[in-house]
Amino acid sequence: MKISVSTLAFLPTPLEDVLECLENRGIKYCEVINEYPYNTIDMDVIDSHDIKISVHSPLSDINIASYNDSIRRSSVSQIKNSIDLASSLNTEIVVVHPGHIPILGKKFEDNILKNSAESLKECSKYADDSGVMLCVENMPDIEGLLCKDINQLDEIVQELDAHITMDVGHANNMKFPISEMLKSPRIKHIHLSDNDGSFDSHNALGSANIDFKSLFLELKNIDYKGILVVEVNNPQAVFESLDFLKKII
């Protein structure tokens, strides 16, 4: 299986040091969250390591569903920049979040949902034209986030002719069982972390209550060929997760 590691755990370590660390562990894939300090990428750094890159578009300071059109347009532009980066790296995947309802936005939810759909449609077309696969990620149980329901997300990406990044930790936090997480044929990318169901804690794999043995059995049953990204909260959790994966794969 294609095991990758997200830069999330290593912030704010320079990317060159992250890639060297992963290469020393025999990891062949890395998912770069394309925001500060990885908002600009030195291609010489990428070329100097035998690691394939997937791109996670910015997530913490944008909102493609915003009812402020200037914010929405700027956010869409940031997603397109990540698509351009992926295209330049000859990588297939760009992960995108669907946006969120801001603090004063509850009364305008329909408008915000429409904005999210329009932004995702625009980004999906841009990705297709760039030879990149846009994968919309399901969200955890946090107030205001869109696409927490994986069945709703499946309907959205079908309408867009886009794809899904299935975040197993997020789905577990939303109380979806393993048997439901991998139903959609639109799943082309997967994020892995562990939690006890109460919060999206991004713990090391095998440290909480997600049944990863059943998950990997189901991945085998559906003949999953994509990347599995370890997306946890610190370097030690990365190493614990990689050791755990060696035992069960």
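Residues numbered from 1 in each chain as written. Predicted model: local features only at pLDDT ≥ 70, side-chain atom pairs only at ≥ 80, totals over all residues. Heavy atoms only, no water.

- For the protein, an unreviewed UniProt entry supplies the name Sugar phosphate isomerase/epimerase and the organism Methanobacterium spitsbergense.

### Quick word on the nonpolar core
Here is step 1: Of all hydrophobic cores here, the largest spans 66 residues; its most connected members are Ile53, Met166, Ile190 and Leu192.
Here is step 2: Sorting elements by how many residues they give to this core places helix H3 (residues 69–88) first, with five residues. (Core = buried A, V, L, I, M, F, W, Y, C linked by side-chain atoms within 4.5 Å. Buried < 20%, exposed > 50% of the residue type's maximum accessible area, 1.4 Å probe, protein only. Helix = DSSP H or I, 4+ residues; strand = E, 2+ residues; numbered from the N terminus.)

### A closer look at the UniProt feature "domain: Xylose isomerase-like TIM barrel" (unreviewed entry) in the protein
Here is step 1: The UniProt feature table records "domain: Xylose isomerase-like TIM barrel" (unreviewed entry) at residues 46–247.
Here is step 2: What you have in residues 46–247 is 43% helix and 14% strand, and the ends, taken at the C-alpha atoms, are 30 Å apart. (UniProt positions renumbered as here; feature names shortened; annotations may be inferred.)

### What about the sheet that holds strand E2 (residues 29–33)?
Here is step 1: The strand order E1-E2-E3-E4-E5-E6-E7-E8 describes a closed barrel built from eight strands, whose pairing is parallel. Averaged over all pairs of adjacent strands, the angle between their axes in this sheet comes to 30 degrees, without regard to strand direction.
Here is step 2: Across four bridges, the pairing between strand E7 (residues 187–192) and strand E8 (residues 227–230) is parallel. By the bridge assignment, His191 is partnered in E8 with Val229.
Here is step 3: Each of E7 and E8 touches helix H8 (residues 212–221); the most contacted strand, E7, lies at about 165 degrees to it.
Here is step 4: Sheet contacts for helix H9 (residues 235–248): strand E1 (2–6) and E8; angle to E1, the most-contacted strand, approximately 170 degrees. (Pairing = 2+ DSSP bridges. Axes fitted to C-alpha atoms, helices over the stretch in contact; angles between N-to-C directions. Contact = heavy atoms within 4.5 Å.)

### Remarks on the pattern of salt bridges
Here is step 1: On inspection of all chains with the given rule, the structure shows 10 salt bridges.
Here is step 2: Lys80 is the salt-bridge partner of Glu122, the closest N and O atoms lying 2.7 Å from each other. Placement of Glu122 in helix H4 (residues 109–129) and of Lys80 in helix H3 is noted, with a sequence separation of 42 residues between them.
Here is step 3: The residue Asp129 makes a salt bridge to Lys125 at a minimum N-O spacing of 3.0 Å. Here the residue Asp129 and the residue Lys125 both occupy positions in helix H4, the gap between them amounting to four residues, near one helical turn.
Here is step 4: Judged by its relative accessible area of 53%, Lys125 is exposed.
Here is step 5: Here the salt bridges share partners, and the residues they tie into one network are Arg73, Lys80 and Glu122. (Salt bridge = Lys/Arg side-chain N within 4 Å of Asp/Glu carboxyl O.)

### Here we look at the packing of H8 against H9
Here is step 1: In the contact formed by H8 and H9, the axes pass within 11 Å of each other and the chain directions differ by 60 degrees. What the angle tells us is that H8 and H9 run oblique. Seen from above, H8 lies across H9 with right-handed handedness. Touching Phe212, Lys213 and Phe216 of H8 are Phe244, Leu245 and Ile248, all from H9.
Here is step 2: Across the contact of H8 with H9, the residue classes break down as five nonpolar, no polar and one charged. (Parallel < 35°, antiparallel > 145°, perpendicular 65-115°, else oblique. Left-handed = near helix turned anticlockwise from the far one by under 90°. Nonpolar A, V, L, I, M, F, W, Y, C, P; charged D, E, K, R; others polar.)

### What about the pairing of strand E6 (residues 163–167)?
Successive residues of a regular strand alternate their side chains across the two faces of the sheet.
Here is step 1: The buried fraction of E6 is high, at five of five residues.
Here is step 2: Traced from strand E5 (residues 133–137) through helix H5 (residues 150–160) to E6, the parallel crossover comes out right-handed. (Right-handed = clockwise from strand over helix to strand, strands pointing away.)

### Quick look at unusual backbone geometry
Here is step 1: Along the chain, Leu11 connects to Pro12 via a cis peptide bond; the corresponding omega equals 0 degrees.
Here is step 2: Looking at the element boundaries, Pro12 is found in the loop between E1 and helix H1 (15–24).
Here is step 3: Positive phi outside glycine occurs at Cys147, with the angle close to 60 degrees.
Here is step 4: With respect to the helices and strands, Cys147 occurs in the loop between E5 and H5.
Here is step 5: A positive phi angle, near 55 degrees, is found at His202, a position not held by glycine.

### A short note on H4
In an α-helix, one full turn covers 3.6 residues, which means residues spaced three or four apart are oriented alike.
Here is step 1: Here H4 spans 30 Å end to end across 21 residues, near enough to the 30 Å set by a 1.5 Å rise per residue.
Here is step 2: Residues of H4 that are buried in the fold lie against H3, strand E4 (93–96), E5 and H5. (Expected span 1.5 Å × (residues − 1).)

### Brief notes about the side chain of Ser6
Here is step 1: Its place among the elements puts Ser6 in strand E1.
Here is step 2: A polar atom in the side chain of Ser6 sits 3.0 Å from the backbone nitrogen of Leu8.
Here is step 3: Excluding its chain neighbours within four sequence positions, the residues that come into contact with Ser6 are Glu31, Ile33, Val229, Val230 and Glu231. (Polar contact = N/O pair within 3.5 Å; in protein donor to acceptor, adjacent residues only side chain to side chain.)

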